[in-house]
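Residues per chain, in single letters:
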Amino acid sequence: KHWRQLIMVSDFMDPFITSTFKRFGQSVAGRLKLRRKVSPDEASLCDVLVKVRQVFTRIPTSSFQNQCEDKLSYFQNKVLPQIQRLKQSRTIIYVPSYFDYISLRNLLMKVEASFVSVTEYSKVSEVSH
């Protein structure tokens, strides 16, 4: 075995980072995970300047291995029909994983939905409408 010091820094607890750390973060002295405790005053959604309706949904999944497919299926069968039925334009869908983003983008293109994709590579002219 090769031993090394591995330091991973992130603003968010992400399952991909956690699994990478568990898999490759082997050390003679063990592992240490630090996380900053956020006070309820700092974590309040009420402090959002622009009052917008935010919806957080827990998506049932059959297993960790199937979570990507389950999330996409849930979106396709539950969320997308509601957005289309209610004609909810200007809806933001945040996708933190690049692989989930590609799956979602392909689904939206397949159903010929009108959408704008904003990524770090997008040009201002592509997202200004």
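Residues numbered from 1 in each chain as written. Predicted model: local features only at pLDDT ≥ 70, side-chain atom pairs only at ≥ 80, totals over all residues. Heavy atoms only, no water.

Novice: For this particular structure, what's the right way to read unusual backbone geometry?
Specialist: Note: most residues except glycine have negative phi, and most peptide bonds are trans. One non-glycine residue with positive phi stands out, namely Lys87, at about 50 degrees. Residue placement: Lys87 occurs in the loop between helix H2 (67-85) and helix H3 (98-110). For Lys87, a relative accessible area of 70% corresponds to the exposed category. The phi dihedral of Glu112 is positive, around 55 degrees, even though this residue is not glycine. Tracing the backbone shows Glu112 in the loop between H3 and helix H4 (124-127). (Helix = DSSP H or I, 4+ residues; strand = E, 2+ residues; numbered from the N terminus. Buried < 20%, exposed > 50% of the residue type's maximum accessible area, 1.4 Å probe, protein only.)

Novice: Would you mind showing me how to read the packing of H2 against H3 here?
Specialist: Between two packed helices, both the angle of their axes relative to each other and the distance between the axes serve to describe the pair. Contact pair H2 / H3: the axes reach a minimum separation of 10 Å and the direction vectors enclose 35 degrees. Our pair here, H2 against H3, has a crossing hand that is right-handed. Between H2 and H3, the contacting residues are Cys68, Lys71, Leu72, Phe75, Gln76 and Leu80 on the first element and Asp100, Ser103, Leu104, Leu107 and Leu108 on the second. The residue makeup of the contact of H2 with H3, split by class, is seven nonpolar, two polar and two charged. (Axes fitted to C-alpha atoms, helices over the stretch in contact; angles between N-to-C directions. Left-handed = near helix turned anticlockwise from the far one by under 90°. Contact = heavy atoms within 4.5 Å. Nonpolar A, V, L, I, M, F, W, Y, C, P; charged D, E, K, R; others polar.)

Novice: Mind showing me how you'd approach H2 here?
Specialist: Residue pairs three or four apart in sequence face the same way in an α-helix, which turns once every 3.6 residues. Its 19 residues place the ends of H2 26 Å apart at the C-alpha level, agreeing with the 27 Å of an ideal helix rising 1.5 Å per residue. Of all the bends in H2, the greatest, near 40 degrees, is centred on Phe75. Along H2, the residues that are buried comprise Gln67, Phe75, Leu80 and Ile83. Its buried side turned inward, H2 meets H3. The positive-phi residue at the C-terminal boundary of H2 is Lys87, with phi of around 50 degrees. (Expected span 1.5 Å × (residues − 1). Bend = angle between axes of the 7 residues up to and from the residue.)

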